[in-house]
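Breakdown of the fold
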Amino acid sequence: AQSVTQLDSQVPVFEEAPVELRCNYSSSVSVYLFWYVQYPNQGLQLLLKYLSGSTLVESINGFEAEFNKSQTSFHLRKPSVHISDTAEYFCAVSKTGANNLFFGTGTRLTVIP
Amino acid sequence: EAGVAQSPRYKIIEKRQSVAFWCNPISGHATLYWYQQILGQGPKLLIQFQNNGVVDDSQLPKDRFSAERLKGVDSTLKIQPAKLEDSAVYLCASSVRGQNTEAFFGQGTRLTVV
C-alpha cells in the first residue's frame with residue numbers, strides 16, 4: 001500500500017520569501033508523484049508531476065519539486081512566493097501503471113504581504 | 001473546454017436520510033473517480049470507473065454508498081442512509097484512458113449531515 005505524509009499542516013511565509021513544503025511517501029512498489037493545488041473556492045489542479053526521467057520537475061508558475069528515492073521525498077519549493085500562491089497544496093502518489101491517487105493531508109500555504 | 005461539473009455544491013441533510021450527488025466529466029474522458037475529503041484530511045478514493053465498468057471500489061462502504069455510471073458518461077454517487085461521519089466534500093474527477101494520465105477535478109459537493 002502507498003501512503004503520503006505532509007508534516008506541515010500550515011506554512012505562513014512573507015511575500016517574496018522562499019518556501020519549501022515537505023512530502024514523504026511510503027510504498028513497496030514503484031510510484032509516480034504529484035503535487036496538486038487547491039485555490040480558495042476552486043477544485044484541485046495539477047501543479048506538477050514526476051513520472052520518470054529527470055528527478056527535478058518544474059511548474060509554469062515557478063514551483064519545482066525534486067524526487068529523492070533514497071529519502072522517499074518529493075518536497076515542493078519556490079524561491080520567491082507571491083500573494084497569489086496562497087492555497088492548499090496536496091502531495092499524492094500512485095502506483096506505476098495505475099491511475100488512482102493516494103493523497104497526503106495537505107499543507108495550507110499563506111503568503112503574508 | 002468545459003471542466004468537470006458537479007451538483008449540488010452544498011447539501012445539508014439529517015442523519016439516516018439519503019442523498020445523491022451528480023458528476024458530468026470532461027467530454028471524452030473514459031475514467032471517472034469519486035473521492036471523499038473529510039475536513040483536515042486529503043481526498044480518499046471511493047470508486048473508479050473505466051467507461052461504465054468499476055475498476056476499483058475497495059474503499060467504498062458498500063452497505064450505504066453506491067455509485068453508477070450507466071452510459072459511461074455522467075455518474076451519480078448515493079448515500080443511504082447517511083451518518084454524521086459522512087460529512088465531507090465529495091470530489092469527482094475524470095481523465096482520459098491510459099496510465100498515469102492527469103486527473104481533472106470538479107469543485108466538489110460539500111455534504112453536512114446533522
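Everything numeric in this text was worked out from a predicted model, so none of it was measured. Counting restarts for each chain: residues are numbered from 1 in the order of the written sequence. For naming, the first written chain is A and the first written ligand is 1, with later ones following in the order written. Note on the predicted model: pLDDT of at least 70 is required for a residue's local features to be given, and 80 or more for side-chain atom pairs to be given and counted; whole-chain, interface and lining totals, by contrast, use all residues. Calculated side-chain values reflect all of the structure's heavy atoms, with hydrogen atoms and water omitted.

A short note on the side chain of Ser75(B)
All names here are of chain B. Spelled out, the test is: In DSSP terms, a helix is any run of H or I states spanning at least four residues, a strand is any run of E spanning at least two, and both are numbered starting from the N terminus. Exposure categories follow from relative accessible area, calculated using a 1.4 Å probe and restricted to protein chains: below 20% of the type maximum is buried, above 50% is exposed, and the middle band is partly exposed. The term polar contact refers here to a pair of N or O atoms within 3.5 Å; inside protein, the definition further demands a hydrogen-donor-capable atom paired with an acceptor-capable atom, and it admits residues adjacent in sequence only when both atoms are side-chain atoms. By definition, residues are in contact when any of their heavy atoms lie within 4.5 Å.
Within the secondary structure, Ser75 sits in strand 8 (residues 75-79). Residue Ser75 is classed as buried on the basis of its relative accessible area of 1%. At a separation of 2.9 Å, a polar atom in the side chain of Ser75 contacts the side chain of Trp34. Polar contacts involving the side chain of Ser75 include one to the main-chain carbonyl oxygen of Glu68, which spans 2.9 Å. If sequence neighbours within four positions are ignored, Ser75 has contacts with Phe21, Trp22, Cys23, Leu32, Trp34, Phe49, Glu68 and Arg69.

Focus on the layout of surface pockets
Basically, it comes down to this: Both cavities and pockets are sets of points on a 1 Å grid over the protein atoms alone; in a cavity a 1.4 Å probe fits but cannot get out, in a pocket the set is open with protein on both sides within 12 Å along at least five of seven lines, and lining residues sit with an atom within 4 Å of a point. Grid points are joined across faces, edges and corners, and a volume is the space filled by probe spheres set on the points. Side-chain classes are defined by residue name, with Ala, Val, Leu, Ile, Met, Phe, Trp, Tyr, Cys and Pro counting as nonpolar, Asp, Glu, Lys and Arg as charged, and the others, Gly among them, as polar.
A volume near 750 Å³ is recorded for the largest pocket. Contributing to the lining of the largest pocket are 32 residues, with Gln38(A), Glu88(A), Arg108(A), Leu39(B) and Arg110(B) lying nearest its centre. Elements supplying a minimum of two residues to the lining of the largest pocket: strand 10 (87-95) and strand 12 (107-112) of chain A together with strand 9 (88-95) and strand 11 (109-113) of chain B. With 4 residues, strand 11 of chain B is the single largest residue contributor to the lining of the largest pocket. Tallied by class, residues from the lining of the largest pocket come to 11 nonpolar, 17 polar and 4 charged. Along the wall of the second largest pocket there are 19 residues; nearest its centre are Phe102(A), Phe103(A), Pro43(B), Lys44(B) and Gln59(B). Listed by contribution, the elements that provide at least two residues to the lining of the second largest pocket are strand 1 (3-5) and strand 11 (102-103) of chain A together with strand 5 (44-50) of chain B. Tallied by class, the residues present in the lining of the second largest pocket amount to 7 nonpolar, 10 polar and 2 charged.

A short note on empty space enclosed by the protein
Applying the stated criterion to the full structure yields 1 cavity of 30 Å³ or more. Considered as a void within the structure, the largest cavity measures approximately 40 Å³ in volume. Around the largest cavity, the lining comprises 10 residues; the ones closest to its centre are Phe34(A), Asn99(A), Leu101(A), Thr101(B) and Ala103(B). For the lining of the largest cavity, the per-class residue count stands at 5 nonpolar, 4 polar and 1 charged.

Things to note about the interface of chain A and chain B
By convention, interface size is frequently given as the accessible area that disappears when the constituent parts associate. Definition in use: Put simply, buried area is the surface a 1.4 Å probe can reach on two separate parts but cannot reach once they are joined, added for both. Criterion for a salt bridge: a side-chain nitrogen of Lys or Arg within 4 Å of a carboxyl oxygen of Asp or Glu.
Each side of the interface is counted separately: chain A has 23 residues, and chain B has 21 residues. Of the roughly 1600 Å² buried between chain A and chain B, counting both surfaces, carbon and sulfur atoms make up 47%. Per-residue buried area on chain A facing chain B is highest for Leu44(A), Asn99(A) and Asn100(A); these three make up 34% of the total on that side. The interface formed by chain A and chain B contains 0 salt bridges. One can count 3 residue pairs in polar contact (both at pLDDT 80 or more) joining chain A with chain B. Looking at the side of chain A that touches chain B, the elements that each hand over two or more residues are strand 5 (31-38), strand 6 (45-50) and strand 10 of chain A. Sorting elements by how many residues they give to the side of chain A that touches chain B places strand 5 of chain A first, with 4 residues.

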